[in-house]
Amino acid sequence: MGGRFAPLSGLRYAPLSSSHFLSVMLSIISPCEAMVWSPCRPVNVMVRSLLAAVFSLILCCSSMAELKRFFHPPKSDGSLSFLAIGDWGRNGTFNQSLVAYQMGIIGEELDIDFVISVGDNFYESGLREVDDKSFEESFTNIYTASSLQKQWYSVLGNHDYRGNVMAQLDPQLGKIDSRWLCMRSFIVDAEIANFFFLDTTPFVKKYWKNPKKNRYDWREVAPRKKYISTLLKDLERALGESAATWKIVIGHHTLRSVSEHGETPELVKLLLPMLINYGVDIYINGHDHCLQHISSTDSFIHFLTSGGGSKAWRGIIMPTVENVEFFYDGQGFVSLQLSSTEANIKFYDVFGAVLHQWNTTKEFYDYIV
């Protein structure tokens, strides 16, 4: 049986405010001053200087955000299996319910540990408020199979940003449906694999400069450059510290794609070099409403698009210099099975048929690196 979801609920990041810390420092300084013999006032100054330096250091460290981390244990044999789905929330229409049904069947066969949602969770414009009925009509009432009653780890897509982002991130949704966990960016540590969930929508300049008729909820994000800079630093730190066998990054937007949206230039410029440098194995995204597997010509990264959760069939395919292992302009989802030495990936259509399968062993990578 799969391991149960076990968030690090005991670890809640509560940075000490500068005012609180200052009051603590002053309470320390006062006794120190009392202990110092009055003719030795230079010692008093040294104490103040030392504590001021410590104060500055702690303030600096506390200002560095850290990606929140959750622990999800693998199966008893150390393996892990999960499904990835994106671009789905349409109240069951556009074959969303049929895809969900097949996910339930495959989820049972693989004894999945969790589900990953790569964004655009609720169309057309996210959720309006915490009690928006779309949450239950597009999620709770659709993914009803027993095998799908596992933890769902979700990131935001551009359509989610067109609604009330704070509602979709609100922990209150977890009380409505305990499977739901959605954050901007975070990490899931599953021992043999680390999953780095990334908020990609703020990277895309056109959403800021030319939103057309759309309105994006940039609360807690603006200013853009500072947000992206901090996020990339946090991600780089986390990737550098990861000792997991498999490093998998999840974001809504594409890095490599031959479908309608193509590559996301901002991510190719700012994110891709980091993923290559830190040996990321797989990048999973949605955004393009299709299924794709593209392998890199200059790294070992494999790019998986699982954006076929509902509306699809765009009828667009564009050329690329990368290796297109598989492309399907239709609905479906992806499964991944991981062990300490092997990864197995399958793409399924709306009828549950396997359209594409690919596997690799870690020894092969170690050998040629």
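Calculation notes
- Residues numbered from 1 in each chain as written.
- Predicted model: local features only at pLDDT ≥ 70, side-chain atom pairs only at ≥ 80, totals over all residues.
- Heavy atoms only, no water.
- Pairing = 2+ DSSP bridges.
- Helix = DSSP H or I, 4+ residues; strand = E, 2+ residues; numbered from the N terminus.
- Axes fitted to C-alpha atoms, helices over the stretch in contact; angles between N-to-C directions.
- Contact = heavy atoms within 4.5 Å.
- pLDDT = per-residue confidence, 0-100.
- Salt bridge = Lys/Arg side-chain N within 4 Å of Asp/Glu carboxyl O.

### Remarks on the sheet that holds strand β5 (residues 180-182)
Here comes step 1: A sheet is described by the order of its strands in space; here seven strands give the open sequence β5-β4-β3-β2-β13-β14-β15, paired in mixed fashion. Two strands bound the open sheet, and with one partner strand each, they are β5 and β15 (354-361). Between one strand axis and the next, the sheet turns by 20° as a mean value, whatever way the strands run.
Here comes step 2: Direction of pairing for strand β13 (residues 332-338) relative to strand β14 (residues 342-349): antiparallel, over a ladder of seven bridges. Looking at β14, one finds that Gln-337 is bridged to Asn-344.
Here comes step 3: Along the sheet, helix α3 (residues 96-110) makes contact with β2 (80-85), β3 (114-117), β4 (151-154), β13 and β14, crossing β13 at roughly 15°.

### Things to note about the confidence of the model for the protein
Here comes step 1: Averaged over all residues, the pLDDT of the protein is 86; the fraction at 70 or higher stands at 81%.
Here comes step 2: When the criterion is pLDDT under 50, residues 50-64 qualifies, and its contacts beyond four places in sequence or with other chains add up to nine contacts.

### What to know about the pattern of salt bridges
Side-chain pairs of opposite charge can arise where the charged atoms are in close proximity.
Here comes step 1: Applying the stated criterion across every chain, the model contains twelve salt bridges.
Here comes step 2: Across the pair Asp-111 and Lys-150 runs a salt bridge whose closest N-O atoms are separated by 4.0 Å. With Asp-111 in the loop between α3 and β3 and Lys-150 in the loop between α4 (134-140) and β4, this pair connects stretches of sequence that are 39 residues apart.
Here comes step 3: As a salt-bridge pair, Glu-322 and Arg-256 come within 3.4 Å of each other at their nearest N and O atoms. Of this pair, Glu-322 sits in the loop between β11 (302-306) and β12 (323-328) while Arg-256 sits in the loop between β8 (246-251) and α9 (265-270); the two residues are 66 residues apart in sequence, bridging distant segments of the chain.
Here comes step 4: Put simply, Arg-256, Glu-263 and Glu-322 are held in one network by salt bridges that share partners.

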